[in-house]
Amino acid sequence: MILPILQTGHPVLRAVARELSLDEIRSEPIEVLIHNMKQTMRAAPGVGLAAPQIGESIQLIVIEDTADEQTKLNDDQLAQRERIPVPFHVLINPKLNLIGNERVDFFEGCLSVAGYAALTPRHRSLSVTALNELAEEVTIDATGWYARIIQHEVDHLNGSLYIDRMDSTTFSTVENKMKFWD
Ligand code: ZN
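Residues numbered from 1 in each chain as written. Predicted model: local features only at pLDDT ≥ 70, side-chain atom pairs only at ≥ 80, totals over all residues. Heavy atoms only, no water.

Trainee: Any details on the coordination of the zinc ion? Residues and values, ideally.
Mentor: Those protein atoms acting as donors to the zinc ion are Cys 110 (SG), His 152 (NE2) and His 156 (NE2), and they sit at 2.1 to 2.3 Å. Written as a sequence motif, the donor arrangement for the zinc ion is C-x41-H-x3-H. Of this pair, Cys 110 sits in the loop between strand 3 (86-108) and strand 4 (116-131) while His 152 is found in helix 5 (residues 145-157), placing the two residues 42 residues apart along the sequence. Relative accessible area serves as the criterion here: at 9%, Cys 110 is assigned to the buried category. (Donors = N, O, S within 2.8 Å, 3.2 Å for Na, K, Ca; no water. Helix = DSSP H or I, 4+ residues; strand = E, 2+ residues; numbered from the N terminus. Buried < 20%, exposed > 50% of the residue type's maximum accessible area, 1.4 Å probe, protein only.)

Below, the structure written as structure tokens:
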């Protein structure tokens, strides 16, 4: 089922999401939720979706950055962004460890701030420890665009949006971003 994606202004997007217990993670409702979030992310289309965006204030994220989605950018743009395909996966109760001080600036958008984008600084590298959909602990090292996606989605679990971190003078409609900035 494709779920409606909440837009900025909805209080759930500003709440701190609660952690899931191991029993909840292995439950059927969460299995169904993950399936629906995958479908919703793919339909949008997007490269990540956090549970608060569909009205569930729980610490669950789905991520997928397909080669197909990346054909919207040319090879230079992909290389600048250090953007490589990332298979579908689930992060639950993630703990973020930002690595180093190196920051990178790229335009970023959000399915909950539909139609806009802005230059947003993010750490280039990080490590994240989380549980997967089987409630197994996983640790992931990420750099570049993948690290940006993870930071963006973990922000959602803390009630934060990219507009809290953006260079607000660059805040643009997607149309104007393509016209004047790309
Ligand atoms: Zn978002």
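Next, the rest of the story.
Trainee: Tell me about the side chain of Asp 155, residues and numbers included.
Mentor: Within the secondary structure, Asp 155 sits in helix 5. Asp 155 gets classed as buried once you look at its relative accessible area, which sits at 8%. Once residues within four sequence positions are removed from consideration, Asp 155 is found in contact with Arg 122, Ser 160 and Arg 165. (Contact = heavy atoms within 4.5 Å.)

Trainee: How would you explain the pairing of strand 5 (residues 137-143) if you had to name every residue and give the values?
Mentor: Pairing analysis gives seven bridges linking strand 4 to strand 5, with the strands arranged antiparallel. In the strand pairing of strand 5, Ser 125 is matched with Thr 143. (Pairing = 2+ DSSP bridges.)

Trainee: Outline the pattern of salt bridges, listing residues and values.
Mentor: If the charged atoms of two oppositely charged side chains come close together, the side chains can form a pair. Per the stated rule, a full pass over the model turns up 13 salt bridges. Linking Glu 82 and Arg 124 is a salt bridge whose minimum nitrogen-to-oxygen distance equals 2.7 Å. One end of the pair, Glu 82, is in the loop between helix 4 (75-80) and strand 3; the other, Arg 124, is in strand 4, with 42 residues separating them in the sequence. With a relative accessible area of 30%, Glu 82 lands in the partly exposed category. In this structure Arg 124 comes out as partly exposed when scored by relative accessible area, which is 24%. Through salt bridges that share partners, Glu 108, Arg 122, Arg 148, Asp 155 and Arg 165 make up one connected network. (Salt bridge = Lys/Arg side-chain N within 4 Å of Asp/Glu carboxyl O.)

Trainee: Give a description of the side chain of Gln 59 that names residues and reports values.
Mentor: For Gln 59, the location among the structural elements is in the loop between strand 1 (48-50) and strand 2 (60-65). You can call Gln 59 buried: its relative accessible area is 11%. Once residues lying within four places of it in the same chain are set aside, the contact partners of Gln 59 are Ala 17, Arg 18, Glu 19, Leu 91, Ile 92, Asn 93, Pro 94 and Leu 157.

Trainee: Could you give an account of the nonpolar core, with specific residues and numbers?
Mentor: For soluble globular proteins, nonpolar side chains are generally found buried alongside one another. Of all hydrophobic cores here, the largest spans 20 residues; its most connected members are Ile 61, Ile 63, Leu 91, Tyr 146 and Ile 150. Elements that contribute at least two residues to this core include exactly strand 2, strand 3, strand 4, strand 5 and helix 5. Considering every element that reaches this core, the biggest residue donor is helix 5, with seven residues. Ignoring anything within four residues of it in the chain, the contact list for Ile 61 reads Leu 49, Ala 50, His 89, Val 90, Leu 91, Pro 94, Glu 153, Val 154 and Leu 157. Ile 25, Leu 49, Leu 60 and Val 90 belong to the second-largest nonpolar core, a separate cluster that totals 18 residues. (Core = buried A, V, L, I, M, F, W, Y, C linked by side-chain atoms within 4.5 Å.)

Trainee: Which residues make up unusual backbone geometry, and what are the values?
Mentor: Omega for the bond connecting Ala 44 with Pro 45 falls within 30 degrees of zero, at -15°, which places this linkage in the cis form. Tracing the chain through its elements places Pro 45 in the loop between helix 2 (28-43) and strand 1. Despite not being glycine, Glu 82 shows a phi value in the positive range, around 50°.

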